[in-house]
Amino acid sequence: MSKVAVIGAGASGLMAAYAAAANGNDVTVFEKNEKSGKKIYITGKGRCNVTHSCEPSEFLLNVVNNSKFLSSAIYGFSPEDCINFFENGGVKLKEERGARIFPVSDKASDITKCLENYCKSSGVKFNFNEKILKIAVLHSTMFDIITSKSQYSFDKVIVCTGGLSYPSTGSDGDGYDFARSAGHKIVPLKQALCGLNLKGAFYKQLQGLTLKNINLSVYCGSKKIKELFGELLFTHFGISGPVVLSASSLINRLDMNKVRLSLDLKPALTVEMLDKRLLRDFEAYKNKSVANCLKELLPAAIIEETLKRSGIDGNLRTNSVTREQRARLLTTVKNFDMLVSSLRDFSEAIVTSGGVDVNEINPKTMESKLIRGLYFCGEVLDVDGFTGGFNLQIAFSTGYAAGNSIKDWD
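Definitions and limits used
- Residues numbered from 1 in each chain as written.
- Predicted model: local features only at pLDDT ≥ 70, side-chain atom pairs only at ≥ 80, totals over all residues.
- Heavy atoms only, no water.
- Phe/Tyr/Trp six-rings, centres within 6.5 Å; stacked < 30°, edge-to-face > 60°.
- Helix = DSSP H or I, 4+ residues; strand = E, 2+ residues; numbered from the N terminus.
- Buried < 20%, exposed > 50% of the residue type's maximum accessible area, 1.4 Å probe, protein only.
- Lys NZ or Arg CZ within 6 Å of the ring centre and 35° of its normal.
- Pairing = 2+ DSSP bridges.
- Disulfide = S-S within 2.5 Å.
- Lys, Arg positive; Asp, Glu negative; His and termini not counted.
- Salt bridge = Lys/Arg side-chain N within 4 Å of Asp/Glu carboxyl O.
- Polar contact = N/O pair within 3.5 Å; in protein donor to acceptor, adjacent residues only side chain to side chain.
- Contact = heavy atoms within 4.5 Å.
- Axes fitted to C-alpha atoms, helices over the stretch in contact; angles between N-to-C directions.
- Parallel < 35°, antiparallel > 145°, perpendicular 65-115°, else oblique.
- Left-handed = near helix turned anticlockwise from the far one by under 90°.

**Observations regarding the packing of aromatic side chains**
Step number 1: Applying the stated criterion across every chain, the model contains 15 aromatic pairs.
Step number 2: An angle of 25° between the planes, with centres 4.9 Å apart, marks the rings of F77 and Y400 as stacked. Here F77, found in the loop between α4 (67-76) and α5 (79-88), pairs with Y400, found in helix α14 (residues 390-405); they are 323 residues apart in sequence, far enough to count as distant.
Step number 3: In this structure Y400 comes out as partly exposed when scored by relative accessible area, which is 24%.
Step number 4: Three or more aromatic residues joined by ring pairs make a cluster, and in this case those are Y18, F77, F85, F86, Y118, F396 and Y400.
Step number 5: Of note, R344 hangs over the ring of F237, and the distance from its end group to the ring centre comes to 3.8 Å.

Next comes the structure, spelled out in structure tokens:
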């Protein structure tokens, strides 16, 4: 039996603690907050998008960074395993649009309570309101943990401290400090799944406008990185919404001066189909202004900016629009370009991109390749995924991999 310290009582920490205790180990969880799961409580707007109902192979396609590293962990504790784990623990789950899994109760607290019950039934001890100050390596099989209250000795230490996102939940980056002190490389930290600040000022007139069923293409220079479909919201700073959150994770390690986002406001229509639609509308409203005519095609709030980019006076009568002007209008509707100035702050980011370099971590056990008995799980690692339950599943899977690898005969 090993004495195991788990630092952090979040999604990965609670799972790691349970898995290690279920293997017969003596496990203590240290949490700086007064209770466990503070970040779980706010996920999915308080409803907790537990996981994504899909096969591991599909899941890995939604991991933005280091999907290959995660392969063993995701196959070892898959989305199906996760669903069964919580349902067997008494939490009824439901599948919503896009294969997203939530508690039937719509209460994130049910997920935390379930994890706590698993831990307590396996003998896990909890030390709340106790911040870890230092992890000292005594020798290859022993660690000293110095906290704000005392000093302890453990055989194994699992670091599950989260990232920098949502600092109000206690995520202050201390896990990265622990990793550095142990000799680990930290991949530069970036905000992920966050809104984007835009260059210019056009978005201020569009504030509050939600565009549904649009395509957002992400470019770096002339190279298209990805095409995203869904919903986008214009805000006081630029843009947000599901497709924007995904885009932020794709561009956060790029030179923003090379990034371009292009909106297709009418993705269901080809250029030819859109041209025919415009001609029909122009004919039907031939005595009306172009601005009035476009209300049949576009949201009113975006018409002025669309015409401005097309070089067309909104007061121009539709029967006076030239072929060249119509072509420019078509181009703008299908390619409404936006330039990014920066990512929103960590306080608004759902997850942290970057972290402990996974090249220095055993992908099957989450154990450090540099120091035996030291493990890293969840957001502290350089792994992150899109929205939809992927990041919580990453936390559960990496936590399970670490805890389950520590057997009572170690």
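**Re the sheet that holds strand β6 (residues 100-103)**
Step number 1: Taken in spatial order, the three strands of this open sheet run β3-β6-β5, and their pairing is antiparallel. Strands at the two margins of the open sheet, each flanked by one partner only, are β3 (51-52) and β5 (93-96).
Step number 2: As paired elements, β5 and β6 share four bridges and run antiparallel to each other. Among the inter-strand pairings, L93 is bridged to a residue of β6, identified as P103.

**Describing the state of the cysteines**
Step number 1: Applying the stated criterion across every chain yields a total of zero disulfides.
Step number 2: Of all cysteine sulfurs in the structure, the one in C82 sits closest to C48, which takes part in no disulfide; the separation is 9.0 Å.

**Quick word on the pairing of strand β14 (residues 210-220)**
Step number 1: Strand direction decides the pairing type here: β14 and strand β15 (residues 223-234), joined by nine bridges, are antiparallel. Looking at β15, one finds that S217 is bridged to E227.
Step number 2: Once β14 ends, the chain turns through two residues before running back antiparallel as β15, passing G221 with a positive phi of about 65°.
Step number 3: Bridging between β14 and strand β17 (residues 259-264) involves six bridges; their strand directions are antiparallel. Along β17, the bridge assignment pairs C220 with V259.

**Quick look at the side chain of D384**
Step number 1: Looking at where D384 falls in the secondary structure, it is placed in strand β21 (residues 384-385).
Step number 2: For the buried D384, no salt bridge is present, and the opposite-charge side chain at shortest range is R253, 4.1 Å distant.
Step number 3: At 3.4 Å, the side chain of D384 and the side chain of S353 are in polar contact.
Step number 4: Excluding residues that lie within four positions of it along the chain, D384 makes contacts with V63, V64, N65, A192, S249, R253, V351, T352, S353, N391 and I394.

**Section: the sheet that holds β15**
Two pairing modes exist for strands in a sheet, parallel and antiparallel, and in both the strands are linked by backbone hydrogen bonds.
Step number 1: Taken in spatial order, the six strands line up as β13-β16-β15-β14-β17-β18 and close into a barrel, and their pairing is antiparallel. Strand-to-strand, the axes of this sheet are offset by a mean angle of 45°, without reference to chain direction.
Step number 2: Pairing of strand β13 (residues 196-198) with strand β16 (residues 238-240), which is carried by two bridges, proceeds in the antiparallel orientation. Note that in β16 the partner of L196 across the bridge is I239.
Step number 3: Contacts from helix α9 (residues 242-251) reach β13, β14, β15, β16, β17 and β18 (336-343) within the one sheet, and its direction differs from that of β15 by about 145°.
Step number 4: Sitting on the sheet, helix α13 (residues 323-334) touches β17 and β18, and the angle it makes with β17 is about 110°.

**Some words on helix α12 (residues 300-310)**
Step number 1: Those residues of α12 that sit buried are I302, I303, E305, T306, L307 and S310.
Step number 2: Here the buried face of α12 lies against α8 (203-206), β14, β15, α11 (290-293), α13 and β18.
Step number 3: Two residues or fewer past α12, G311 is found with a positive phi of approximately 70°.

**Describing the packing of helix α1 (residues 11-22) against helix α6 (residues 108-121)**
Step number 1: Running from N to C, α1 and α6 cross one another at 25°; their axes reach a closest spacing of 8 Å. One element, α1, and the other, α6, form an angle in the roughly parallel class. When you trace α1 past α6, the crossing you get is left-handed. Where α1 approaches α6, its residues L14, M15, A17 and Y18 are matched on the opposing element by L115, Y118 and C119.

**Description of the pattern of salt bridges**
Step number 1: One pass over the structure, following the stated rule, counts 21 salt bridges.
Step number 2: Salt-bridge contacts for E96 lead to R47; the nearest nitrogen and oxygen are separated by 2.4 Å. Here the residue E96 occupies a position in strand β5, and R47 occupies one in the loop between α2 (38-42) and β3, the gap between them amounting to 49 residues.
Step number 3: Judged by its relative accessible area of 26%, E96 falls in the partly exposed class.
Step number 4: With its nearest N and O atoms 2.9 Å apart, the salt bridge here joins K334 to D264. Of this pair, K334 sits in helix α13 while D264 sits in strand β17; the two residues are 70 residues apart in sequence, bridging distant segments of the chain.
Step number 5: With a relative accessible area of 12%, K334 lands in the buried category.

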